[in-house]
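For reference, the chains in residue letters:
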Amino acid sequence: PFTFYGNTYTNCVISSNNYITFDLTKANQYSPWVIANPIPNPGSDPENSIMAPWQDIHPGIGGSITYGIHGVAPHRVFIARWDGVPMYSCSSTLFSSYIYLYETTNAIETHVLDKSLCSWNNGASIHGLVDATSTNYTIVNDPIQNQPRNYPLQWTAYNDAWQFNPSGSSSYTTIQIP
């Protein structure tokens, strides 16, 4: 079990475009790639999601997306991994990241190993969290540009990690992990 914005889930959907959603109706559905508005964007996918970051990648031509649960209850960790996945339309540029979901504490970690800038989709990517109604959200503040990693900011990251800790049912505190 994992609690996200006050709701407890035991399943999630892993998107081919680098996010997890707890909206199970999205299973086996199209994963949106057009990013033309910042989060929040009520009524538009992705919602109820952890974006690490959400961007257009192309696992159909390379890399891998894997997941697993590690540890022993009540201290298990769910890990989703996008490894060496080509950026869409910049297929020689590979992207890797992880999302960790911690049982009991409900902490979230995002680890971006290598995120280059791709001109496709105007270089758009969004790094953060959003609840099921786009009422509550948390966006990572880029430490280099000192701006939210939200549309339309273009940003890069290497060996970049963030922890999101729940602070009540409607917000998270965010800290950069060295």
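Residues numbered from 1 in each chain as written. Predicted model: local features only at pLDDT ≥ 70, side-chain atom pairs only at ≥ 80, totals over all residues. Heavy atoms only, no water.

This structure, assessed with the given rule, holds one disulfide. The disulfide partner of Cys90 is Cys118, and the S-S distance across this bridge is 2.0 Å. For the disulfide bridge between Cys90 and Cys118, the dihedral angle about the S-S bond is near 85°, and by the sign convention the bridge is right-handed. Of this pair, Cys90 sits in strand 8 (residues 90-102) while Cys118 sits in the loop between strand 9 (108-115) and strand 10 (126-130), placing them 28 residues apart in sequence. (Disulfide = S-S within 2.5 Å. Helix = DSSP H or I, 4+ residues; strand = E, 2+ residues; numbered from the N terminus.)

This next bit is on empty space enclosed by the protein. Tallied over the entire structure, the rule returns one cavity of 30 Å³ or more. Lining the largest cavity are Gln55, Asp56, Met87, Lys115, Ser116, Leu117, Cys118, Trp120, Asn121, Gly123 and Ala124. Along the lines of polarity and charge, the residues of the lining of the largest cavity split into five nonpolar, four polar and two charged. (1 Å grid on protein atoms, 1.4 Å probe; cavity = no way out; pocket = protein on both sides within 12 Å on 5 of 7 lines; lining within 4 Å. Points joined across faces, edges and corners; volume = space filled by probe spheres on them. Nonpolar A, V, L, I, M, F, W, Y, C, P; charged D, E, K, R; others polar.)

Per the counting criterion, the structure on display carries 12 aromatic pairs. Ring centres of Phe2 and Phe22 lie 6.0 Å apart, and the angle between their planes is 15°; this geometry places the pair in the stacked category. Here the residue Phe2 occupies a position in strand 1 (residues 2-4), and Phe22 occupies one in the loop between strand 4 (19-21) and strand 5 (49-54), the gap between them amounting to 20 residues. By relative accessible area, which is 6% here, Phe2 ends up buried. Between Phe4 and Tyr172, the aromatic rings sit 6.1 Å apart at their centres with planes inclined by 40°, giving tilted as the arrangement. Of this pair, Phe4 sits in strand 1 while Tyr172 sits in strand 15 (residues 172-177); the two residues are 168 residues apart in sequence, bridging distant segments of the chain. The class of Phe4 is buried, set by a relative accessible area of 0%. These aromatic residues form a ring-pair network of at least three members: Phe2, Phe4, Tyr5, Tyr9, Phe22 and Tyr172. The residue whose ring lies beneath Lys115 is Trp155, and the NZ or CZ to ring-centre distance is 4.6 Å. (Phe/Tyr/Trp six-rings, centres within 6.5 Å; stacked < 30°, edge-to-face > 60°. Buried < 20%, exposed > 50% of the residue type's maximum accessible area, 1.4 Å probe, protein only. Lys NZ or Arg CZ within 6 Å of the ring centre and 35° of its normal.)

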